Amino acid sequence: MAEVTVRVALPVPLRRAFDYRHPTPLAPGVRVRVPFGRRVLAGIVLASPVAAPPGIALRAIAEVIDEAPLLNAEQLGLLQFVADYYHHAIGEVVFTALPSALKRGLVLTPPKAYRLTPAGARSDAPPFPARAHRRRALWQALKDRGPLAEGDVTALARGLKPVLAALVREGLVEVCEHPRPAGAPPAAGPVLRPDQEAACAAVRAALGTFQAFLLFGVTGSGKTEVYLELIAAARARGDQALILVPEIGLTPQLMARFRARLPDGLGVLHSGLSETERARVWGQAARGELTVIVGTRSAVFAPLKRLGLIIVDEEHDGSLKQQDGLRYHARDIAIVRAQRAGVPVVLGSATPALESYRHALDGRYRLLRLPGRGPDRSLPRVTILDMGREAADGGLGPTLLAALRARLLRREQALVFLNRRGYAPVLLCPECRWHAPCERCDARLTVHLARKTLRCHHCGHERPLPATCPRCGHGRLLRVGEGTQRLEETLARALPEARIARIDRDTVTSRLAFEDLLTRMRARDIDILVGTQMLAKGHDFADLTLVGVVNADQGLFGSDFRADEQLFAQIMQVAGRAGRAAKAGEVIIQTHHPHHPLWSPLVALDYEAFAEVALKDRYETGFPPYAHCALLRAEALKPELPLRFLETARALGQGSEAVTLGSVLPATLARRAGYYRAQLLVTSAHRPLLQAWLTTWVERIAQLPAGRQVRWSLDVDPHSLF
Ligand code: ADP
Ligand code: ZN
Ligand code: ZN
């Protein structure tokens, strides 16, 4: 019997695919179970038949899971691109893209639906026995409402399944394709302003072809309305739209707006879903039952039958870049996907990534501006407060405090932003200068008072708060600096009449808790919301008129090349919360460095002024977008191992004109969770040259014996060098 060779991707870190034999060719994208070592793994067919490797006895595929391919050619092509670009094993890429339930071999069956057969629909009422109430009622429901999905039938009443089966047996009802949900009619949106209309017209004209757009407008300038209009336009052509948002952007408020405007065919993909829910949405998207998928980072891999438009909201947001395993950037993949599929992609932001902004200046992306907020809303006034002149108590100066008090009197709301959770970042002994270090990291432990613990924000290590200095026994340890918990306490002391709530990863442990806080804020049960950047995004509170930024300085002198950009974006975003509605807003920023060059574009809320300076800086220092980077990281329990591995890797890479190799350096946080970490930066002015060079280099690194003593990874286009 002639057998064919089938090439299969498996979820193993080896940088290759594996060949098996099977009696017949299998379609690419079909899942199979195959023996691998002593295990049996689910894998995905990449190609068949392929030429059999000579002289090797192949093992046989144990089971074919899918009848029809789970991934189509568009997706498989995209995943192969991702594997090549990030120099990652194809199997790991394929299985990063798939929901876990599908990785384990779960079979997606379309939910069944039921309708009346021609015989069942013909008569007024079939001659049911008098006591067959339920059979009659179900028949009536199907007659009145048309086809019903299985879930809709079971939702009508308990125990209807046997009744349904009886109707099928009698030939009155039959199984049919899943019916489109008959949703409510879409709510009408506002009439677009001319600038919004112009942006929409530009993208509409590009539907059906590839073109990248940068939709640039401050928070509240109406970007989301543009998205909604474009989604409607894509759907009118029978196409599907994919919208990527940062994790925190999936707020109930935004989702409610999407649901009201796109009542049917909307699917949501985010990390809070159960694995089966995620797999179900996947299946529906792949079958074309959903026309709009809104999701976080990994939704960029969602299967779509007829992709027509991609939107990346908050395209500058760091959460779009995966920081472990396959370190992909969802925005960059979105652009490649749009290009391969021949559809437009819209990147939206008030503070674009400098890479995207430069493409827009160069004309590679088309720049669409929304110049301002509508007539009923204005931009907030921004003030920089010199903390050298303010007598601060617990991080809070008298000016900000007075502004908060004024809001309380006017019954308006305020946000106080501090990007550091916990009570205090340092526990210090005034006697011997001991300051609680993490034993596993080169970092200090943060004081958390709620559970009376010291906690490491890098490795999660936690231990009881000591009452005395463990080194000299001194009895009065100082809690130095401010975290959100202490700020909340200080505010409560200074403004006892205020209703204060805190929003950070310690108070918000679930989506439900998050939604509850937002609801209370909207219901005016909260006067002052204190928190980390969690409070910055996507919430519209009509009575919010003041935003205080308590300690922005920790970001001013960050060691990372993106530190400025991130701080600017963060503060712009928080500032965007003020004055959303008719009332004028105010932003007060406390700093010990009032003359830092970052402040003047912030006071003017002028991203372009910031970008001009920042781009010049990047040019002079040789960082993106003027150079392309890849970072080889390594870590091990012994400090010399990562250094030795990276030096060997560096030696292997010497002698090329295409790239510049940096020095082997310990990471900024040189020890984390007990592992010693080091890195090697590779830069090049030309992306294709860097890519070609990396391909050979990584092949050779993968062979290095020193590589087996460390954990190493390659980060192409690293988000940070931290
Ligand atoms: P962004 O996404 O840029 O933050 P949104 O699209 O959320 O801005 O718009 C901010 C607010 O202004 C929303 O409440 C939105 O409904 C409203 N809005 C946007 N465009 C218009 C318009 N053309 N007419 C009236 N209201 C609008
Ligand atoms: Zn001491
Ligand atoms: Zn630690």
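Residues numbered from 1 in each chain as written. Chains lettered and ligands numbered in written order. Predicted model: local features only at pLDDT ≥ 70, side-chain atom pairs only at ≥ 80, totals over all residues. Heavy atoms only, no water.

### Side note on the pattern of salt bridges
1) Next: Scanning the entire structure with this criterion turns up 44 salt bridges.
2) Next: Residue Arg337 is joined to Glu74 by a salt bridge in which the shortest nitrogen-to-oxygen separation is 3.0 Å. Within this pair, whereas Arg337 is found in helix H12 (residues 330–341), its partner Glu74 is found in helix H1 (residues 73–85), the two being separated by 263 residues in sequence.
3) Next: A relative accessible area of 22% means that Glu74 is categorised as partly exposed. (Salt bridge = Lys/Arg side-chain N within 4 Å of Asp/Glu carboxyl O. Helix = DSSP H or I, 4+ residues; strand = E, 2+ residues; numbered from the N terminus. Buried < 20%, exposed > 50% of the residue type's maximum accessible area, 1.4 Å probe, protein only.)

### Quick look at the packing of aromatic side chains
1) Next: One pass over the full model with this rule turns up 14 aromatic pairs.
2) Next: Seen from their ring centres, Tyr619 and Tyr626 are 5.1 Å apart, and the 90 degrees between their planes marks the pair as edge-to-face.
3) Next: Taking relative accessible area as the criterion, Tyr626 reaches 25% and is therefore assigned partly exposed.
4) Next: One aromatic cluster is present, formed by Phe216, Tyr357, Phe568, Tyr607 and Phe610 through successive ring pairs.
5) Next: The ring of Tyr675 has Arg711 lying over it, and the distance from NZ or CZ to the ring centre is 3.9 Å. (Phe/Tyr/Trp six-rings, centres within 6.5 Å; stacked < 30°, edge-to-face > 60°. Lys NZ or Arg CZ within 6 Å of the ring centre and 35° of its normal.)

### Some points on the coordination of the zinc ion (ligand 3)
1) Next: Coordination of the zinc ion (ligand 3) by the protein is provided by Cys438 (SG), Cys441 (SG), Cys456 (SG) and Cys459 (SG), with metal-donor distances spanning 2.2 to 2.4 Å.
2) Next: Coordination at the zinc ion (ligand 3) comes from 4 donor atoms whose angles at the metal span 106 to 115 degrees, giving a geometry best classed as tetrahedral.
3) Next: Along the chain, the residues that donate to the zinc ion (ligand 3) are spaced as C-x2-C-x14-C-x2-C. (Donors = N, O, S within 2.8 Å, 3.2 Å for Na, K, Ca; no water. Tetrahedral: all angles 85-135°; square planar, octahedral: opposite > 155°, others 65-115°.)

### Section: helix H17 (residues 563–575)
1) Next: Along its 13 residues, H17 runs 18 Å from first to last C-alpha, staying within 8% of the 18 Å computed at 1.5 Å per residue.
2) Next: Most of H17 is tucked away: 11 of the 13 residues are buried.
3) Next: Every buried residue belonging to H17 is among Ala563, Glu565, Leu567, Phe568, Ala569, Gln570, Ile571, Met572, Gln573, Val574 and Ala575, and all of these are buried.
4) Next: At its buried positions, H17 is contacted by helix H13 (354–362), strand E17 (413–417), strand E25 (544–549), strand E26 (586–591), helix H18 (599–603) and helix H19 (607–621). (Expected span 1.5 Å × (residues − 1). Contact = heavy atoms within 4.5 Å.)

### Brief notes about the sheet that holds strand E27 (residues 628–636)
1) Next: One open sheet holds the 4 strands; their spatial order is E28-E29-E27-E30, and the pairing between them is antiparallel. Two strands lie at the open edges of the sheet, namely strand E28 (660–672) and strand E30 (711–716), each paired on one side alone. Shown here is a sheet whose adjacent strand axes are inclined to one another by a mean of 20 degrees, direction ignored.
2) Next: When E28 meets strand E29 (residues 675–684), the two strands line up antiparallel, connected through 7 bridges. Across the sheet, residue Arg672 finds its bridge partner in E29, namely Tyr675.
3) Next: Relative to E27, helix H20 (residues 640–653) is tilted by about 145 degrees, and along the sheet it contacts E27, E28, E29 and E30. (Pairing = 2+ DSSP bridges. Axes fitted to C-alpha atoms, helices over the stretch in contact; angles between N-to-C directions.)

### Quick notes on the site of ligand 1
1) Next: The immediate surroundings of ligand 1 are formed by 17 residues, with Val191, Gln196, Gly220, Lys223 and Thr224 found nearest.
2) Next: Between ligand 1 and the protein, one listed contact pairs a nitrogen atom with a backbone N or O atom of Val191 at 2.9 Å.
3) Next: Note that a nitrogen atom of ligand 1 is positioned 2.8 Å from one of the side-chain N or O atoms of Gln196.
4) Next: Ranked by residue count, the leading element in the shell around ligand 1 is helix H9 (residues 223–236), at 3 residues.
5) Next: Partitioned by chemical class, the residues of the shell around ligand 1 number 4 nonpolar, 6 polar and 7 charged. (Near = heavy atom within 4 Å. Polar contact = N/O pair within 3.5 Å; in protein donor to acceptor, adjacent residues only side chain to side chain. Nonpolar A, V, L, I, M, F, W, Y, C, P; charged D, E, K, R; others polar.)

### Some thoughts on the sheet that holds strand E14 (residues 344–349)
1) Next: Read across the open sheet, the 7 strands follow the order E11-E12-E10-E13-E14-E9-E15; overall the sheet is parallel. Looking along the sheet, the strands with just one partner apiece sit at the ends: strand E11 (266–269) and strand E15 (366–370). On average, each strand axis in the sheet is tilted by 20 degrees relative to the strand beside it, whichever way the strands run.
2) Next: Taken together, the 6 bridges between strand E9 (residues 211–217) and E14 define a ladder with parallel strand orientation. The residue bridging Leu214 from the neighbouring strand is Leu347, located in E14.
3) Next: Where helix H8 (residues 194–206) meets the sheet, it contacts E9, strand E13 (307–313), E14 and E15, and its direction lies at approximately 155 degrees from that of E15.

### What about the side chain of Asp553?
1) Next: Note on placement: Asp553 falls in the loop between E25 and H17.
2) Next: No salt bridge is formed by the buried Asp553; the nearest opposite charge belongs to Arg420, separated by 10 Å.
3) Next: A polar contact is formed between the side chain of Asp553 and the backbone nitrogen of His592, at a distance of 2.6 Å. (Lys, Arg positive; Asp, Glu negative; His and termini not counted.)

### Here we look at the pairing of E11
1) Next: A two-sided burial pattern is seen for E11, the buried positions comprising Leu266 and Val268 on one face and Gly267 and Leu269 on the other.
2) Next: Note: E11 against strand E12 (residues 292–295), 4 bridges, orientation parallel. In the strand pairing of E12, Val268 is matched with Val294.
3) Next: In the classification by handedness, the crossover that spans E11, the intervening helix H11 (residues 275–286) and the parallel E12 is right-handed. (Right-handed = clockwise from strand over helix to strand, strands pointing away.)

### Here's the deal with helix H5 (residues 133–145)
One full turn of an α-helix is made of 3.6 residues, so residues set three or four places apart face in the same direction.
1) Next: Over its 13 residues, H5 runs 18 Å from end to end, which matches the ideal 18 Å to within 8%, given 1.5 Å per residue.
2) Next: Residues of H5 that are buried include every one of Leu138, Trp139, Ala141 and Leu142, and no others. An end-on view of H5 places all buried positions within 155 degrees of arc, on one side of the element. For H5, exposure combined with an orientation more than 90 degrees from the buried face picks out His133 and Asp144.
3) Next: Positive phi shows up at Gly146, right after H5, with a value of about 80 degrees. (Arc of directions from axis to C-beta.)

### What about empty space enclosed by the protein?
1) Next: A complete count under the given rule lists 1 cavity of 30 Å³ or more for this structure.
2) Next: Here the largest cavity is characterised by a volume of approximately 70 Å³.
3) Next: The wall of the largest cavity is formed by Val218, Thr219, Ala350, Arg373, Leu379, Pro380, Met572, Gln573, Ala575, Gly576 and Leu605.
4) Next: Residues of the lining of the largest cavity, tallied by class, amount to 7 nonpolar, 3 polar and 1 charged.
5) Next: Counting the residues that make up the lining of the largest cavity, at least three belong to each of domain 3 (194–370) and domain 4 (381–422 + 482–618). (1 Å grid on protein atoms, 1.4 Å probe; cavity = no way out; pocket = protein on both sides within 12 Å on 5 of 7 lines; lining within 4 Å. Points joined across faces, edges and corners; volume = space filled by probe spheres on them. Domains from an automatic or database assignment.)

### Some points on the packing of H13 against H19
1) Next: Look at H13 against H19: their axes get within 11 Å of each other, and the N-to-C directions meet at 100 degrees. By the angle between their axes, H13 is roughly perpendicular relative to H19. For the pair H13 and H19, the contacting residues are Leu354, Tyr357, Arg358 and Leu361 in the first and Tyr607, Glu608, Ala611, Ala614, Leu615 and Arg618 in the second. (Parallel < 35°, antiparallel > 145°, perpendicular 65-115°, else oblique.)

### Some points on the domain arrangement of the protein
For an interface, size is often stated in terms of accessible area lost upon the parts coming together.
1) Next: For the protein, the assigned domains read domain 1 (4–103), domain 2 (113–176), domain 3 (194–370), domain 4 (381–422 + 482–618) and domain 5 (628–716).
2) Next: Each of domain 2 and domain 3 has a C-alpha centre, and these two points are 41 Å apart.

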